[in-house]
Amino acid sequence: MSSVVLFSKWRVSPRAKNLVSLLPRSGEWLRLHSSSSNKWINRQQNDVYSKEAKLRNLKSRASFKLMEIDDKYKLFKSDVPQSVLDLGFAPGSWSLVARQRTDPSSMILGVDILPCEPPRGVSSLQANILSSKTQDLIRLYFSKHFQVDRLFNTHSIPIDKDHGYLPPRLNTIEDTVEREAEQDNEEYREIFTADDHAHTGKIAKRPIDVILSDMLMNTSGVPLRDHLLSIDLCDAALVTAIDLLKPKGAFVCKLYRGKEDKSFEKRLRSVFDKVHIFKPASSRSESKEAYFVGLKKKAKVDKVAVFTS
Ligand SMILES: C[S@@+](CC[C@H](N)C(=O)[O-])C[C@H]1O[C@@H](n2cnc3c(N)ncnc32)[C@H](O)[C@@H]1O
């Protein structure tokens, strides 16, 4: 029996008929959709920050938020190389500001769950920050003298007693050289040259100077849901900061505000000596977003205590 015959036997129930009558005709869908898009376009066109971003060839008005944060809290240094991690970097406005405001030999890595071409001079990783494997890849990028064992399963790493979580169980160049005779070298992928290692001398356990997070999923319009999802992303960024940010390092994190603000602020205070909540002038006043800034990361942080006390 063909599907056409089946379809011809289909009857619309009285209840379904009522529902169908509630649906707008196709032109109305179109009008609804186009009126909200028009609103968005008008708002963008009349917005001074959007105009300025266009004039200055910036990717988006979001650049100004980071500029304001940096003007106030001095995150970037133009005279010493820094390592900067930009979480939720797409489309790249913040990474571009970091690139422009840091020393040219700084390392900047953008991470986003979406595929995105990074700005020139910025590296990128397409990954979900909520996956622990992502942290390993970030560590690998900044610890440039490490080599990664291709067969290494990051999910089976034992917990490190020293600082709580994933230890850098990646192979150093010396380890690999020693084992070269007995192992097939094809199992290892060299990320950078041995010269980098000789130059740097020591392997930094926590290699990052500044961690930025502007992560947010599309808001649903249900404030509590959006707030709790935002808290999850902020906590993931904070875990990354506890594990990978240098002592005295700086942290910036966007939070869609709500009832959990205070507890997140408390966690931040147990990791950083100074904590500020900042709403840049370039952030729309009707938006529930604010930026939580942590400065001077403490030298010793007990991650379990941060999340349990
Ligand atoms: C507001 S946009 C960031 C804008 C960016 N700071 C800029 O200036 O161009 C938020 C980004 O967070 C990313 N994001 C959301 N959840 C994420 C997750 N779990 N892991 C990685 N990125 C995520 C989104 O894909 C989105 O690109």
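An unreviewed UniProt entry annotates the chain as rRNA methyltransferase 2, mitochondrial of Huiozyma naganishii.

1. Considerations on the state of the cysteines
All told, the structure shown has zero disulfides when counted by the stated rule. Its sulfur unpaired, Cys116 is 20 Å from the next cysteine sulfur, which belongs to Cys253. We classify Cys116 as partly exposed; its relative accessible area is 23%.

2. A short note on unusual backbone geometry
At the junction of Ala90 and Pro91, the peptide bond is cis and its omega measures out at 5° in the coordinates. Locating Pro91 in the fold gives a position in the loop between strand E1 (83-87) and helix H6 (93-101). A positive phi angle, near 50°, is found at Lys74, a position not held by glycine. Along the chain, Lys74 turns up in the loop between helix H5 (62-73) and E1. The phi dihedral of Lys296 is positive, around 55°, even though this residue is not glycine.

3. Some details on the sheet that holds strand E3 (residues 123-126)
In spatial order, the strands read E3-E2-E1-E7-E8-E10-E9; together these seven strands make up an open sheet with mixed pairing. Two strands close off the open sheet at either side, each with one partner strand: E3 and strand E9 (272-278). Within the sheet, the average angular offset between the axes of one strand and its neighbour, ignoring direction, is 15°. Where strand E2 (residues 107-112) and E3 come together, four bridges link them in parallel fashion. Bridging from a neighbouring strand, Asp112 pairs with Gln126 of E3. Lying over the sheet, helix H7 (residues 132-142) contacts E1, E2, E3 and strand E7 (208-213), oriented at roughly 165° with respect to E2. Across the sheet, helix H11 (residues 261-269) is in contact with strand E8 (245-256), E9 and strand E10 (289-297); its angle to E9 comes to roughly 145°.

4. What to know about a positive patch on the surface
Taken together, Lys77, Lys248, Lys274 and Lys296 make up a surface patch of like positive charges. Its place among the elements puts Lys77 in the loop between H5 and E1.

So, how was this worked out
Residues numbered from 1 in each chain as written. Predicted model: local features only at pLDDT ≥ 70, side-chain atom pairs only at ≥ 80, totals over all residues. Heavy atoms only, no water. Disulfide = S-S within 2.5 Å. Buried < 20%, exposed > 50% of the residue type's maximum accessible area, 1.4 Å probe, protein only. Helix = DSSP H or I, 4+ residues; strand = E, 2+ residues; numbered from the N terminus. Pairing = 2+ DSSP bridges. Axes fitted to C-alpha atoms, helices over the stretch in contact; angles between N-to-C directions. Contact = heavy atoms within 4.5 Å. Patch = residues over 30% accessible without salt bridge, like charges linked within 9 Å, V, L, I, M, F, W, Y side chains within 5 Å. Areas by Shrake-Rupley, 256 points an atom, 1.4 Å probe, with all protein chains shown as cover. Salt bridge = Lys/Arg side-chain N within 4 Å of Asp/Glu carboxyl O. Lys, Arg positive; Asp, Glu negative; His and termini not counted. Charge placed at Lys NZ, Arg CZ, Asp CG, Glu CD.

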